[in-house]
There are 2 protein chains.
Amino acid sequence: MDIVTLSHGSGGINSAHFIQNIFMPFFQDMMPFANEDSGIFRANDNNEKYVTSTDSYTINPIFFEGGDIGKLCVCGSANDVAMMGGKPTYLNIAFIIEEGFKIQELKKIIESIACECKKLDLQILAADTKVLPTFNKDLEKKNIFINTTCIGMLEKVNISAASIQHEDCIILSGKIGNHGARIFLEQNNIALESAIKSDCASLYPMLSKLFASEIPLHALRDATRGGLASVLNEWAISSKVCIEVNEEYINIDEEVRGVCEILGLEAYDLANEGVCVLALPQEYATQAITILQEHELGKYAKIIGKAIQKDIINNLKLAHSSMQDSETLEKMYLQRVVLQTKYGSKRFLEYPQGELLPRIC
Amino acid sequence: MDIVTLSHGSGGINSAHFIQNIFMPFFQDMMPFANEDSGIFRANDNNEKYVTSTDSYTINPIFFEGGDIGKLCVCGSANDVAMMGGKPTYLNIAFIIEEGFKIQELKKIIESIACECKKLDLQILAADTKVLPTFNKDLEKKNIFINTTCIGMLEKVNISAASIQHEDCIILSGKIGNHGARIFLEQNNIALESAIKSDCASLYPMLSKLFASEIPLHALRDATRGGLASVLNEWAISSKVCIEVNEEYINIDEEVRGVCEILGLEAYDLANEGVCVLALPQEYATQAITILQEHELGKYAKIIGKAIQKDIINNLKLAHSSMQDSETLEKMYLQRVVLQTKYGSKRFLEYPQGELLPRIC
């Protein structure tokens, strides 16, 4: 590995290895939340805790049906904070703009940012603007990159990718694949006839009641780059469980399904920007779903599966192979995601490989 | 103004207008610290306060004598937090890397980051990595942009560009111009024979004792983009004072002075990355300088001038012009910076104009 490649930034398995091999040897001692999208810090003398996240938006196209880079950079970082149980409260924002970028487009982006900040009552604490000498060969096309850091007050504690327990329910908050499918269509100039819209939205308003409730949340993650497949695989690995989900319960719009079939995309790998996955104890699942469904964003919330840690073979109702002893089989399924198909068969839902399509960042 | 130009991001007067005209109409209601490099937030139930800053580093060259983008991105954001009276404590970091960037160079950068974080005992709370499809026409040259957000505990309160009082002393912590001069030499491939080194350093270790002391700090700012001239002009405008500084007391290395003379640069406009300016009441000036000089970075700390708000004409010992009444003269000097030259004459030290040279970001 001599140079950085596109797949190192795609959010798939190559990204994970890249981070692990290149960054972590230097950062591991100083990075307590390396496996999460956000980190937590606390006030010295009391129990108040804060959570913070950072993300750079290098998306193409900059404007798309359902949002733009401005809306996305606020929702994205606010969602990362919400995924750790935080209420998004403050935002830092930094612009890197290519020389020649149209002021009119910049104003639209800034307006989107302001609009989304108002919805969430976010205060902007610090901002920065840099202009890059033009570099695009295509003179008509100019880039803008935005970095946002969100800071929030922690409302729900102990949420972690590593906290999932045996028999925890896996809940999906909405329909998957819309953002990724929309971006794919726009990138390939085949978007005109499609009604598919990005789901870009801030998730905190849907989650705030859940945070205020007694319901323990073991894990919570928005299914962005790498989609549902990435989240579930990361969880299975971090929590050392097998996660079984049922295809039948995973909501996918017909149009998205159609695009995936025609173009050979896997809906489970497609990015979402307004959908999250929850892992929580079975006995709270119904109550959690009721709360989620009260909000527009959560009206399709559903249990899609469960986590299994013990007695995996019986739990998954797998046939014992005469070639393998049960211990070997158990190991084979641990830290993996199993998808039960509509036809009753089972297959592994793999961690997205290589360069993810579409490139959303 | 139809498109974004390089001067919009240069840190000079055009940048200030660009921010004011394009961003602030949308952000002003949600941006309480618009005139500072950092923003403050507080814990709900107690007096603890935090300060945070954000900055994107888009520098060229990436490696330079005295530092690299890794060291700079930690020092820069940590310094912004320190400039508001905060102790840099946490860091968020986001990488945007161009496809094809050499892994070996990336590792050097990451090592610099880790090294500087260790010195300051900074924890990295959140990180992000994006890879951009290659865009440089020059195949040998690949870019990396790094955004850092620093969060710190507030140790010294009420520091603000708008708090400078009549007769406050202006103190400069060190020699100016080294970073800007070094970058200029490297950008123009004339660096080989020069001993000039960037002054890139974290300022908090020099300032911590000052924060812990009783000394009130009215204003504090590192003299980065736009140099000393920018800081003093921003202060004069924000605090509605005239700032008079004496050329004789402003420390500039002979080599830097030489480079400026030969190349027609203004040392006061050159960027620094390890120098700060302080404004504080006269009666504390000696004590403050003693504290600063205890630290290696502050050994050249010196009073360079003072702020004047009242009776400006007498204070500056200006000759009354028969053409203008004293009120008009007063107005002319208010919100301006006056430089007393070595030859006894006085001139305005202007806010840096147009595109600043060298482009350091």
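Residues numbered from 1 in each chain as written. Chains lettered and ligands numbered in written order. Predicted model: local features only at pLDDT ≥ 70, side-chain atom pairs only at ≥ 80, totals over all residues. Heavy atoms only, no water.

S.K.: Honestly, the overall build of chain A in this entry has me stumped. Any pointers?
M.R.: Secondary structure summary: chain A contains ten helices and 14 strands in total. A globule of 361 residues ought to have a C-alpha radius of gyration of about 21 Å, and chain A, at 21 Å, matches this closely. Looking at the 361 residues of chain A, the share that counts as buried comes to 60%. Partitioning the intrachain contacts of chain A with sequence separation of at least 6 by distance along the chain shows that 80% fall at a separation of at least 24. Only carbon and sulfur atoms are counted for the fraction: they give 48% of the accessible area of chain A, which is about 14400 Å². (Helix = DSSP H or I, 4+ residues; strand = E, 2+ residues; numbered from the N terminus. Rg over C-alpha atoms; globule rule 2.2 N^0.38 Å. Buried < 20%, exposed > 50% of the residue type's maximum accessible area, 1.4 Å probe, protein only. Contact = heavy atoms within 4.5 Å. Areas by Shrake-Rupley, 256 points an atom, 1.4 Å probe, with all protein chains shown as cover.)

S.K.: Help me understand the UniProt feature "domain: PurM-like C-terminal" (unreviewed entry) in chain A in this model?
M.R.: When the UniProt feature table is mapped to this numbering, "domain: PurM-like C-terminal" (unreviewed entry) covers residues 167-311 of chain A. Span residues 167-311 of chain A is 35% helix and 17% strand, its end C-alpha atoms 11 Å apart. (UniProt positions renumbered as here; feature names shortened; annotations may be inferred.)

S.K.: Teacher, can you tell me more about unusual backbone geometry here?
M.R.: One can expect most non-glycine residues to show negative phi and most peptide bonds to be in trans. All names here are of chain A. A cis amide bond links Asn60 with the next residue in sequence, Pro61, at an omega value of 0°. Mapped onto the secondary structure, Pro61 falls in the loop between β2 (49-57) and β3 (63-64). Phi at Lys317 is positive, roughly 50°, even though this residue is not glycine. Position of Lys317 among the secondary structure elements: in the loop between α9 (312-316) and α10 (326-333). According to the relative accessible area criterion, Lys317 is exposed, its value standing at 72%.

S.K.: Would you mind showing me how to read helix α5 (residues 204-212) of chain B here?
M.R.: Every α-helical turn comprises 3.6 residues, leaving residues that sit three or four positions apart pointing alike. All names here are of chain B. For α5, the complete set of buried residues consists of Tyr204, Met206, Leu207, Leu210 and Phe211. Viewed end-on, α5 has its buried residues packed into an arc of 145°, placing them on one side of the element. Where α5 is buried, its residues meet α2 (69-82), β5 (86-98), α3 (103-120), β9 (219-222), β11 (276-280) and α8 (285-293). (Arc of directions from axis to C-beta.)

S.K.: It is not clear to me how the packing of helix α3 (residues 103-120) of chain A against helix α1 (residues 13-27) of chain B should be interpreted in this structure. Could you clarify?
M.R.: Two packed helices can be described by the angle between their axes and the distance between those axes. Closest axis-to-axis distance for the α3 of chain A/α1 of chain B pair is 8 Å, and the angle between their directions is 35°. For the crossing formed where α3 of chain A meets α1 of chain B, the hand is right-handed. Of the residues in α1 of chain B, those in contact with Ile103, Leu106, Lys107, Ile110, Glu111, Ile113 and Ala114 of chain A of α3 of chain A are Phe18, Ile22, Phe23, Phe26 and Phe27 of chain B. (Axes fitted to C-alpha atoms, helices over the stretch in contact; angles between N-to-C directions. Left-handed = near helix turned anticlockwise from the far one by under 90°.)

S.K.: Which parts of the structure should I look at to understand the relation of the copies chain B and chain A?
M.R.: Two chain copies here: they are related by a rotation about an axis and a translation along the same axis. Between the two copies, chain B and chain A, the superposition gives an RMSD of 0.1 Å; the rotation angle is 180° and the shift along the axis is 0.0 Å. Taken together, the rotation and translation describe the operation of a two-fold axis. Scanning chain B for the C-alpha nearest the rotation axis identifies Phe135 of chain B, at a separation of 3.2 Å. Comparing contact sets, 100% of the residues at the interface of chain B also lie at the interface in chain A, consistent with an isologous, same-surface contact. (Least-squares fit on C-alpha atoms with pLDDT ≥ 70 in both.)

S.K.: Sorry, what's going on with the pattern of salt bridges here?
M.R.: Under the counting rule described, the total for this entry stands at 26 salt bridges over all chains. Between Asp128 of chain B and Lys130 of chain B there is a salt bridge, with the nearest N and O atoms lying 3.2 Å from each other. Neither Asp128 of chain B nor Lys130 of chain B differs from the other in exposure class; each is buried. Salt-bridge contacts for Arg347 of chain B lead to Glu266 of chain B; the nearest nitrogen and oxygen are separated by 3.5 Å. Here Arg347 of chain B is found in strand β14 (residues 346-348), whereas its partner Glu266 of chain B is found in the loop between α7 (254-263) and β11, with 81 residues between them in sequence. For Arg347 of chain B, a relative accessible area of 34% puts it in the partly exposed group. According to the relative accessible area criterion, Glu266 of chain B is partly exposed, its value standing at 30%. Sharing partners across several salt bridges, the network here consists of Asp55 of chain A together with Asp128 and Lys130 of chain B. (Salt bridge = Lys/Arg side-chain N within 4 Å of Asp/Glu carboxyl O.)

S.K.: Explanation requested: the sheet that holds strand β14 (residues 346-348) of chain A in the structure shown.
M.R.: Across a sheet, paired strands are connected by hydrogen bonds in the backbone, their directions being either parallel or antiparallel. Residues and elements named next belong to chain A. A sheet is described by the order of its strands in space; here seven strands give the open sequence β9-β11-β8-β12-β10-β13-β14, paired in mixed fashion. Taken across any chain shown, the strands that pair with only one partner, and hence form the sheet edges, are β9 (219-222) and β14. The mean inter-strand angle of the sheet, taken between neighbouring strand axes irrespective of direction, is 25°. Relative to β14, strand β13 (residues 337-340) runs antiparallel, the two sharing three bridges. (Pairing = 2+ DSSP bridges.)

S.K.: Help me understand helix α4 (residues 178-187) of chain B, please; the structure alone is not making it clear to me.
M.R.: Residues and elements named next belong to chain B. Of all ten residues making up α4, nine are buried, and the element is well covered by its neighbours. Those residues of α4 lying buried are Asn178, His179, Gly180, Ala181, Arg182, Ile183, Phe184, Leu185 and Glu186. In this structure, the buried side of α4 is in contact with β3 (63-64), α2 and α7. Positive phi appears at Asn189, one or two residues downstream of α4, with a value of about 55°.

S.K.: How should the packing of helix α5 (residues 204-212) of chain A against helix α8 (residues 285-293) of chain A be read in this particular structure?
M.R.: Residues and elements named next belong to chain A. Where α5 contacts α8, the two axes come as close as 9 Å, and the packing angle between them is 145°. In this structure, α5 meets α8 at a crossing whose hand is right-handed. Residue-level inspection shows Met206, Leu207, Lys209 and Leu210 of α5 in contact with α8, the latter providing Ala288, Ile291 and Leu292. Of the residues contributing to the contact of α5 with α8, the split by class is six nonpolar, no polar and one charged. (Nonpolar A, V, L, I, M, F, W, Y, C, P; charged D, E, K, R; others polar.)

S.K.: I keep staring at the interface of chain B and chain A and nothing clicks. Help me out?
M.R.: Accessible area lost on assembly of the parts is the figure often given for the size of an interface. If you look at the interface, chain B gives 81 residues, while chain A gives 81 residues. Summing the contributions of chain B and of chain A, the shared interface buries around 6900 Å²; its carbon and sulfur component is 70%. Our enumeration of links across chain B and chain A arrives at two salt bridges. As a salt-bridge pair, Asp55 of chain A and Lys130 of chain B come within 2.7 Å of each other at their nearest N and O atoms. Viewed at the interface, chain A and chain B are joined by 21 residue pairs in polar contact (both at pLDDT 80 or more). Elements represented by at least two residues in the side of chain B that touches chain A include exactly α1, β1 (38-42), β2 (49-57), β5, α3, β6 (123-132) and β7 (144-154) of chain B. Of the residues contributing to the side of chain B that touches chain A, the split by class is 44 nonpolar, 20 polar and 17 charged. (Buried area = accessible area lost by both parts, 1.4 Å probe. Polar contact = N/O pair within 3.5 Å; in protein donor to acceptor, adjacent residues only side chain to side chain.)

S.K.: What exactly am I supposed to notice about the pairing of strand β10 (residues 242-246) of chain A here?
M.R.: Consecutive residues of a regular strand have side chains that alternate between opposite faces of the sheet. All names here are of chain A. Counting buried residues in β10 gives five out of five residues, a clear majority hidden from the surface. On β10, burial covers both faces: Cys242, Glu244 and Asn246 on one face and Ile243 and Val245 on the other are all buried. Bridge count for β10 against strand β12 (residues 302-308) is four bridges, and the pairing is antiparallel. Across the sheet, the residue bridging to Val245 is Gly305, located in β12. Across four bridges, the pairing between β10 and β13 is parallel. For Glu244, the partnering residue across the bridge sits in β13 and is Val338.

S.K.: Would you take a moment to explain the sheet that holds β5 of chain B for this structure?
M.R.: Residue and element names in this part refer to chain B. Pairing is mixed across the open sheet formed by five strands, whose spatial order is β1-β2-β7-β5-β6. For this open sheet the edge positions go to β1 and β6, each flanked by a neighbour on one side alone. Strand-to-strand twist in this sheet, taken as the mean axis angle between neighbours without regard to direction, amounts to 20°. Relative to β7, β2 runs antiparallel, the two being bridged by eight bridges.

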